[in-house]
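# Coordinates in review
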Amino acid sequence: MNSVVELEGVSRTFPGSPPVEAVKSVDLTVVAGDYMTIVGPSGSGKSTLLHILGCLDRPTTGIYRLLGLDTGSLSDGLRTSLRGSEVGFVFQAFHLLPYRSVIENVMTGLIYNRTPRRLRRQRAGEALERVGLGHRIDFTPPQLSGGERQRVAIARAIAARPTLLLCDEPTGNLDSNTTESILDLFDELRTDGLTLVIITHEELVSRRAERRIEMVDGALIERAAS
Amino acid sequence: MSDGKGRSTASRIVRSRLSLRDLITEAISGMLARPGRTMLTILGTVLGVVALVATLGLTKTSGNQIVTRIDELQATSVSVSNRSEGGFFGPRRGISVIPWDAGDRLIRLNGVVAAGTLTRVDTAGALVSSVPVNDPLGQSEFAMDVLAVSHGLFDVVLADLTTGRFFDVGHSQRHDPVAVLGSGAAARLNVSRVEQQPAIFVGDTTLAVIGIVGEVSREPALLNSVIIPDGTARAVFNTEAPAEVHIRTELGAAQLIGQQAALALAPNNPEQLRVSVPPALGAVQSDVQEELDSQFLILGGIALLVGAIGIANVTLVSVLERVGEIGLRRAAGARRRHIAAQFLAESAAMGFVGGILGASLGVLVIVGVSAQRQWTPVLDLYVPLLAIPGGTLIGLIAGLYPSWRASRLEPVDALRAGT
């Protein structure tokens, strides 16, 4: 099986007095097709771990290999390129551009990773169809409901056809019905072969995943799926 | 983990890029996202460019009008008079050194278009009247200047006849008792037709009116005077010598003629003549114009500076507002330079639009002012054309600091802050 993510003794310490060790010597392997949730109280280091996984931050010590590449040996620009083509992000706050149409928002996920211009609209349209928003492409985000906005964000994340989809509290701003439908969507994406790592503090979300990892004070405890 | 398919080599990574076309598209979209704010931001640049273009155009336009209309007259006028010798008890009348044939002497100089003498005739206080009509209520005798001129003077002052004719060399040589009236003098003397050569009286002397002058371009005193040939003045009124010589020169020849005139008129004692020439025209005018130019250019420059600061300010605010967008773009694979390029392109695009609007409005201002003043608008083509890259450059410079700030944001911080 191909490892998508390999962490070996990864720590992340934020300087200060006293220094804060947000992630403590973590070992973790995620293989292709995994559906994993990381749960834990706030301040446990979940987001920091996700940032490291997404190459948005780098570990203070330890080795992180993404798709077999040692990210510590890569330049800033190469790590940026790597996440641009291989990692999709979904955030709690959506981060949609309010003045741009839905399809343009999805297309921002395709600007920087050399997707040919003529393919972008097509791929963005496909991604929107995939999340069930094919009929809303010319709307702007303020005209959409919270669940729809998050679907747009997911479409933007998957339009570039990444290997790994990282979600940081994707349902944090949504009610339970909407959450269910988003989780159904994650199940479908997983079936398409996407590797999913989801950070959440909601039991409802973590129950759907195959692998559940609990994070406490920067350390990981893997529990068998219920 | 090397799995033999070369997965572990960095060369496999698809490098992020931002094509020029995408950059421009993103910049324009960013600019159009909030059109109202963008227009207000651009306003400062627009005003600065308008000020600069209009200033350059209007100084050029008005400068052209001065040269073509007013100054041509002044710039070609030279006059020569006697330097009055002041005695101990006050000014004493000197003996004029100007010859009666001054006009003929001067016309031979290259650059002289016309020349003639002008002398106030001493009539010993004699009043002027037309044919006596005994009207007890109306005044029929007037104190009026009698001026003796050589025939060339009519050319010098561009005299325009209302009716009749000028006198000529023959009248002067024969000492004919003829006169030409200025329009003002003719009206006072009730002379309006000259076919019958009506007589007027200067004291006891009878003169036949042969013409009426309607307009003169200089020496307006002529219009209220009785004008007689200099030969007549010499014979009838014992006028000793001409008092002044007036010269009209070719455009640009005034300075040279000014140097030569005194010598041509009085070779033995040129120092007794006072020559008035117009100030060296080019120098005065360019001084005035440069001063005007530079003042308005400084104003325009200040307006542009304020405009640039406005763009810089708004771009900086929008960077802070769009922190989340910056984080998202960084997550989507945008490198620092791509973020910097985008904000730089946005501010440059605002400067570009400001330049276009400013240049257009500036030209409109020039045309509007010219139309109102009935001037011919004159503008160097390069001024509005340069305004456009100039505006872009200003936008670019204004965007340097904000875009640098945007590019320094850490993606993690940007995503966290931009909720």
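For the structure, see preceding data.
Residues numbered from 1 in each chain as written. Chains lettered and ligands numbered in written order. Predicted model: local features only at pLDDT ≥ 70, side-chain atom pairs only at ≥ 80, totals over all residues.

## Some points on the interface of chain A and chain B
- Each partner contributes residues to the interface: chain A has 32 residues there, and chain B has 33 residues.
- Counting only elements with at least two residues in the side of chain A that touches chain B, the list comes to β1 (3-14), α2 (76-86) and β6 (87-91) of chain A.
- Per-element tally for the side of chain A that touches chain B: the top contributor is α2(A), with eight residues.
- Of the residues assigned to the side of chain A that touches chain B, the class counts are 13 nonpolar, 13 polar and six charged. (Contact = placed C-beta atoms within 7 Å. Helix = DSSP H or I, 4+ residues; strand = E, 2+ residues; numbered from the N terminus. Nonpolar A, V, L, I, M, F, W, Y, C, P; charged D, E, K, R; others polar.)

## With respect to the sheet that holds strand β8 (residues 195-200) of chain A
All names here are of chain A.
- Taking strand neighbours across the sheet as the criterion, the six strands line up as β6-β7-β8-β3-β9-β10 in an open arrangement whose pairing is mixed. Sheet topology places β6 and β10 (219-223) at the edges, where each strand pairs with a single neighbour. Adjacent strand axes in the sheet meet at a mean angle of 20°, parallel and antiparallel pairs treated alike.
- When β6 meets strand β7 (residues 164-168), the two strands line up parallel, connected through five bridges. From the neighbouring strand, Val87 faces β7, where its bridge partner is Leu164.
- This element, helix α5 (residues 146-159), spans β6 and β7 of the sheet and lies at about 170° to β6. (Pairing = 2+ DSSP bridges. Axes fitted to C-alpha atoms, helices over the stretch in contact; angles between N-to-C directions.)

## Structural notes on the pairing of β1(A)
Residues and elements named next belong to chain A.
- Note: β1 against strand β2 (residues 20-31), eight bridges, orientation antiparallel. Counterpart to Glu6 in the pairing with β2 is Thr29.
- The sheet contact formed by β1 and strand β4 (residues 61-66) spans five bridges and is antiparallel. From the neighbouring strand, Ser11 faces β4, where its bridge partner is Thr61.

## Focus: the environment of Leu147(B)
- With respect to the element layout, Leu147(B) can be found in strand β7 (residues 146-149).
- Distance in space between the C-alpha atoms of Leu147(B) and Ile227(B) is 4.9 Å, their sequence separation being 80 residues.

## Quick look at the packing of helix α4 (residues 117-130) of chain A against α5(A)
Residues and elements named next belong to chain A.
- Where α4 contacts α5, the axes come no closer than 8 Å and their chain directions differ by 130°. In terms of axis orientation, α4 runs oblique to α5. Regarding α4 and α5, the two cross each other, and that crossing is right-handed. Contacts between α4 and α5 involve Arg123, Ala124, Ala127, Leu128 and Arg130 from the first element and Ala155, Ile158 and Ala159 from the second.
- Of the residues belonging to the contact of α4 with α5, the class tally is six nonpolar, no polar and two charged. (Parallel < 35°, antiparallel > 145°, perpendicular 65-115°, else oblique. Left-handed = near helix turned anticlockwise from the far one by under 90°.)

## Here we look at the nonpolar core
- Ranked by internal contacts, the top residues of the largest apolar core, which has 119 residues, are Val106(A), Ala155(A) and Leu165(A).
- Residue contributions to this core peak at 14 residues, all from helix α12 (residues 336-373) of chain B.
- Ignoring sequence-local partners within four residues, the contact set of Leu165(A) consists of Gly88(A), Val90(A), Ala157(A), Ile158(A), Leu189(A), Leu194(A), Thr195(A) and Leu196(A).
- One finds Val80(B), Ala233(B), Val245(B) and Ala253(B) within the second-largest nonpolar core, a separate group that totals 55 residues. (Core = buried A, V, L, I, M, F, W, Y, C linked by C-beta atoms within 7 Å. Buried ≥ 20, exposed ≤ 12 C-beta atoms within 10 Å, placed from the backbone.)

## Remarks on the packing of α5(A) against helix α6 (residues 176-191) of chain A
Residue and element names in this part refer to chain A.
- In the contact formed by α5 and α6, the axes pass within 10 Å of each other and the chain directions differ by 20°. Judged by the angle between their axes, α5 and α6 are roughly parallel. Where α5 crosses over α6, the handedness of that crossing is right-handed. Taken together, the residues of α6 that come into contact with α5 (itself represented by Gly146, Gly147, Gln150, Ile154 and Ile158) are Thr178, Ser181, Ile182, Leu185 and Leu189.
- Of the residues contributing to the contact of α5 with α6, the split by class is five nonpolar, five polar and no charged.

Remember that the coordinates give geometry; whether it matters functionally is a separate question.
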